[in-house]
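The chain contents come next:
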Amino acid sequence: MLKTLSPRLANWSLLLCSFRPLFLATVLLAVAGIALWLGFFGFGLPLPGVPGGPMVWHAHEMLLGFGLAAVAGFVLTAVPEFTATAAFGRRVGFGFLLLWLAARLSFWLSGVMGPWPAALFNSAFAIALLVLLTPRLLGDPLRRQYGFFGGLGALALVTVGFHFDAVGGRYPMRWLYAGIGVMMVLIVVAMSRISMRILNDAIQARRNAGHDVDDDYRARPPRRNLAIFCISLFTLAEWLALPAPLNGWLALATAAALFNLLNDWHIGRALLERWSLMLYSVYWLMALGYGALGVSLLADGFVSSAGRHLLTLGAMGVSILAVLCIAGRTHSGYTLDQRRWVPTATGLLMFAALLRASAGLPGAPVPLLNMLAGLGWLAAFGLALRYLAPIWLRPRPDGGTGCEEPMDEHSTGSGCRT
């Protein structure tokens, strides 16, 4: 595709690595999508007319617009690294960006164009991602990538299922609820890889500082697999609309499995380092989210949106912010950012998630809490747009020409000043 474009566009820094255009799209939709939602929620401004109404538009764009763009950017960069295969070229990133934009435009205009174009482009994005990566994911003789294959396959199924219902005139929200579970599974799978690097770097830093640290961090498969199994079981039970008490106990079991998974993270003072804490908070938000869902299904007076927003606004939001900050910088030739905006943005997202969850309590000032939560999200991803977008729009500072990590750490330190 790029062969037909001008050399100037073909050499555009945004296309240097597949994640760059998709991560930029992620941040832009994080800001634009919530700004439009707050305009509708707080001031009655109109939203795009889509099958299912405003709530479906909001949930779809945050999950299968914002979330799927982040997943695509991550796996298109990480899978070649995990499988020791060649990086994808510029045409792949540009092609997925165009497909993503077509999916957004067709969905937003589905009230005018009908549901078929949105079904075609959104499904094509998810399916193309799976088809492109399947040979590499299933070609690993040690089967280390099967979790990504299962997660991407389920995400494609959710996307197709949502639009199948939308085209058929059925309310499609059940697929978005299932998509939340799929996203949580993908977060657990990806976090097991990212955390191994981040936590062990923090442990090594303490050793280098003269502290006695005996053990390295290990993301143990039994605890991780139990958490994935419980998330998947609850997601399936909810999609099948099994009795609420059964789903409630399954949600509480999932929360317990996630709290159990946190035991792997108790590595002493190395856990207090900013990147370790950022990733650690994701599992806390996830466990609290499933706990809140369990309570809402077993008790009257609590709405399920509290738990769902702890999972989406909280766990998904913080995990995606972490990926943008870690992979988005290091694979652009920069060292990790030590400036204050990172913990500030993380804290804003966590606080926003807790505010949004508290709106589900009886007697809570719902409009105020929802507005404050939305503003917290906007501030967090506004900071990400301010500090990360310029990195993806300019050449690497170390002279690199692809997705490799910093080639010369001394040339990348200027972006890490406090």
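What this report covers is the structure whose coordinates are included nearby. (Residues numbered from 1 in each chain as written. Predicted model: local features only at pLDDT ≥ 70, side-chain atom pairs only at ≥ 80, totals over all residues. Heavy atoms only, no water.)

### A closer look at the nonpolar core
Ranked by size, the top nonpolar core spans 139 residues in total, and within it Met184, Met286, Tyr290 and Trp392 carry the most contacts. In terms of residue count, the dominant contributor to this core is helix H8 (residues 173-208) (20 residues). (Core = buried A, V, L, I, M, F, W, Y, C linked by side-chain atoms within 4.5 Å. Buried < 20%, exposed > 50% of the residue type's maximum accessible area, 1.4 Å probe, protein only. Helix = DSSP H or I, 4+ residues; strand = E, 2+ residues; numbered from the N terminus.)

### What to know about the packing of helix H2 (residues 19-43) against helix H3 (residues 54-82)
Contact geometry for H2 and H3: axes closest at 8 Å, N-to-C directions at 165 degrees. When the axes of H2 and H3 are compared, the pair comes out roughly antiparallel. Considering the relative orientation of H2 and H3, their crossing is left-handed. Broken down by class, the residue content of the contact of H2 with H3 amounts to 19 nonpolar, six polar and one charged. (Axes fitted to C-alpha atoms, helices over the stretch in contact; angles between N-to-C directions. Parallel < 35°, antiparallel > 145°, perpendicular 65-115°, else oblique. Left-handed = near helix turned anticlockwise from the far one by under 90°. Nonpolar A, V, L, I, M, F, W, Y, C, P; charged D, E, K, R; others polar.)

### Looking at the state of the cysteines
A disulfide bridge is the covalent bond that connects two cysteines by way of their sulfur atoms. Throughout the structure, instances matching the rule amount to one disulfide. Sulfur-sulfur distance for the disulfide between Cys17 and Cys403 comes to 1.7 Å. An S-S torsion of about 110 degrees defines the bridge between Cys17 and Cys403 as right-handed. One end of the pair, Cys17, is in the loop between helix H1 (7-10) and H2; the other, Cys403, is in the segment after helix H14 (366-392), and 386 residues separate them in sequence. Residue classification places Cys17 among the buried residues on the basis of a relative accessible area of 1%. (Disulfide = S-S within 2.5 Å.)

### Describing helix H9 (residues 221-239)
Two residues of an α-helix separated by three or four positions point the same way, owing to the 3.6 residues in each turn. The end-to-end C-alpha separation of H9 is 26 Å, in line with the 27 Å expected for 19 residues at 1.5 Å each. Buried residues in H9 make contact with H8, helix H10 (244-261), helix H11 (274-298) and helix H12 (305-330). (Expected span 1.5 Å × (residues − 1). Contact = heavy atoms within 4.5 Å.)

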